[in-house]
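Given next are the chains, with one letter for each unit.
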Amino acid sequence: MDLAYIPSPSTGVIHLGPIPLRGYAFCIILGVFVAVWLGNKRWIARGGTAGTVADIAVWAVPFGLVGGRLYHVITDYQLYFSEGENWVDAFKIWEGGLGIWGAIAFGAVGAWIGCRRRGIPLPAYADAIAPGIALAQAIGRWGNWFNQELYGKPTDLPWALEITESANREAGLYHPTFLYESLWCVGVAVLVIWADRRFKLGHGRAFALYVAAYCAGRGWIEYMRVDEAHHILGLRLNVWTAIIVFVLAVVYMVVSARVRPGREEIVEPRSRKKVDTEKADTDEADDAEGTDTEPAASGTAAPEDAGESAGSDDVENGAGNGAGSAAKG
């Protein structure tokens, strides 16, 4: 008899009257808000303006959702396009199924469009938002808990996850891989924040560190999962993806540090222009104040100068007259 385990929700949706509130969707939305909130704080600390992260997220988030769903549907096409399956289910995103690899790739495209419209370098934006993305993933993984999906191998550990029986799963106690990945993502966020403060990471290296650290954890967590997946040379597809992306991220960090060391001094030209404009206005005000003072001083001194000049003329004229009289006498 198992005395301790993590229970699964009896349902993944709560109805608020006629409105269904789905746990999976709620976790995704909450994760997005946390990512934007933290990204905004980091962006302002880097010298950017408030609201820029949210403006660019308007582009990045929809692209990321589409990319994440596409990756899932393509890599698990048999769930939607095999005999007896309904292809319409491929659009039911609330039932679960977002591939992080596609979400990050397409989200980067959306962020690039948003950054280009604002004249902002994408690497600087990526560095600011990286820890927030990791926290968003940590929160989003709890959506799998609501849907009772993506669990690991059977186990009798005290933190085992209880899975109830349904058409696509067998009841039992399994490794809570959703929890493992959630905790790992929190650790990744902490690591990136610490490394960024310690080493002043710039030019996309904080984002690359997030990618490498996440892939390192995703590799062993993916190995524990028991859901159906495509295999290449005995390894799950996502394990190969994690290995390849990890190597690319590490190579980028090394090459970037040599080619472009240090951190960007200006991350948002608009904020720099605002500072320059305020400084120029202050200088103009000081110049105007100084100009008003100088004429007043000149005007005060003018009568004295006139008097001194007149006195000098009188003396000179008197001396001249006296000399003339003496010459005549």
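What counts as what
Residues numbered from 1 in each chain as written. Predicted model: local features only at pLDDT ≥ 70, side-chain atom pairs only at ≥ 80, totals over all residues. Heavy atoms only, no water. Helix = DSSP H or I, 4+ residues; strand = E, 2+ residues; numbered from the N terminus. Buried < 20%, exposed > 50% of the residue type's maximum accessible area, 1.4 Å probe, protein only. Contact = heavy atoms within 4.5 Å. Areas by Shrake-Rupley, 256 points an atom, 1.4 Å probe, with all protein chains shown as cover. Bend = angle between axes of the 7 residues up to and from the residue. Salt bridge = Lys/Arg side-chain N within 4 Å of Asp/Glu carboxyl O. Pairing = 2+ DSSP bridges. 1 Å grid on protein atoms, 1.4 Å probe; cavity = no way out; pocket = protein on both sides within 12 Å on 5 of 7 lines; lining within 4 Å. Points joined across faces, edges and corners; volume = space filled by probe spheres on them. Axes fitted to C-alpha atoms, helices over the stretch in contact; angles between N-to-C directions. Parallel < 35°, antiparallel > 145°, perpendicular 65-115°, else oblique. Left-handed = near helix turned anticlockwise from the far one by under 90°. Core = buried A, V, L, I, M, F, W, Y, C linked by side-chain atoms within 4.5 Å. pLDDT = per-residue confidence, 0-100. Polar contact = N/O pair within 3.5 Å; in protein donor to acceptor, adjacent residues only side chain to side chain. Phe/Tyr/Trp six-rings, centres within 6.5 Å; stacked < 30°, edge-to-face > 60°.

(A) The overall build of the chain, seen in detail. For the chain, the helix and strand inventory stands at 10 helices and six strands. For the chain, the proportion of its 329 residues judged to be buried stands at 37%. Look at the contacts in the chain between residues 6 or more apart in sequence, and 71% of them connect residues 24 or more apart. Summed over all atoms, the accessible surface of the chain reaches about 19100 Å², with 64% contributed by carbon and sulfur.

(B) Broad picture of helix H5 (residues 122-140). Along H5, the sharpest kink reaches roughly 45°, centred on Ile129 and followed within four residues by the proline Pro131. Of all 19 residues in H5, 15 are buried; the element is thus mostly enclosed.

(C) Up close: the pattern of salt bridges. For the coordinates displayed, the defined rule picks out 13 salt bridges. The salt bridge involving Asp196 is made with Arg42; its shortest N-O contact spans 2.8 Å. You can see Asp196 sitting in helix H7 (residues 177-199) and its partner Arg42 sitting in helix H1 (residues 23-45), a full 154 residues away along the chain. Grouping residues by exposure puts Asp196 and Arg42 together as buried. For Asp196, the salt bridge is made with Arg263, and the minimal N-O distance between the two is 2.7 Å. One end of the pair, Asp196, is in helix H7; the other, Arg263, is in the loop between helix H9 (237-259) and helix H10 (269-328), with 67 residues separating them in the sequence. A relative accessible area of 27% places Arg263 in the partly exposed class. Residues participating in the shared-partner salt-bridge network are Arg141, Glu181, Arg218, Glu222, Arg225, Asp227 and Arg236.

(D) Representation of the pairing of strand S1 (residues 13-16). Pairing analysis gives four bridges linking S1 to strand S2 (residues 19-22), with the strands arranged antiparallel. Of the residues in S2, the one forming a bridge with Ile14 is Leu21. Hairpin connection from S1 to S2: two residues lie between these consecutive antiparallel strands, with Gly17 at a positive phi of about 70°.

(E) Layout of empty space enclosed by the protein. Considering all chains together, one arrives at one cavity of 30 Å³ or more under this definition. The calculated volume of the largest cavity comes to roughly 40 Å³. Taken together, Arg141, Asn144, Leu150, Thr177, Phe178, Glu181, Ile221 and Arg225 make up the lining of the largest cavity. Top element by residues in the lining of the largest cavity is H7. It accounts for three residues.

(F) Region of the structure containing the packing of H1 against H5. Where H1 contacts H5, the axes come no closer than 7 Å and their chain directions differ by 150°. The orientation of H1 relative to H5 falls into the category roughly antiparallel. Taken as a pair, H1 and H5 cross one another with a handedness that is right-handed. Here Cys27, Ile28, Leu30, Gly31, Val32, Val34, Ala35, Val36, Leu38, Gly39, Arg42 and Trp43 of H1 come into contact with H5, specifically with Ala124, Tyr125, Asp127, Ala128, Ile129, Pro131, Gly132, Ile133, Leu135, Ala136, Ile139 and Gly140.

(G) Broad picture of the nonpolar core. Ranked by internal contacts, the top residues of the largest apolar core, which has 38 residues, are Trp43, Trp101, Tyr125, Val192, Phe207 and Tyr210. Secondary structure elements with two or more residues in this core: helix H2 (52-75), helix H4 (100-118), H5, H7, helix H8 (205-224) and H9. Grouped together as the second largest cluster of nonpolar side chains are eight residues, Ile6, Trp145, Phe178 and Leu179 included.

(H) Inspection of the confidence of the model for the chain at higher detail. Looking at the chain, the pLDDT average stands at 84 and 81% of residues meet or exceed 70. The low-confidence segment residues 293-329, where pLDDT is below 50, has zero contacts with residues more than four positions distant or belonging to other chains.

(I) Inspection of the side chain of Thr52 at higher detail. Relative to the helices and strands, Thr52 is located in helix H2. Separated by 3.1 Å, the side chains of Thr52 and Arg118 make a polar contact. If we ignore the near neighbours within four places in the chain, the residues touching Thr52 are Trp43, Arg118, Ile120 and Glu268.

(J) Examining the environment of Ile243 more closely. Mapped onto the elements of the fold, Ile243 is located in helix H9. Each C-alpha atom, one on Ile243 and one on Gly219, is 7.2 Å from the other, the two residues being 24 residues apart in sequence.

(K) Just the packing of aromatic side chains, in detail. Taken as a whole, this structure holds 11 aromatic pairs when the rule is applied. Centroid distance Trp142 to Trp145: 5.5 Å. Interplanar angle 80°. Geometry classified as edge-to-face. Note that Trp142 and Trp145 are positioned in helix H6 (residues 142-147) at a spacing of three residues, about one turn of the helix. An aromatic cluster of at least three residues, connected via ring pairs, comprises Trp142, Trp145, Phe146 and Phe178.

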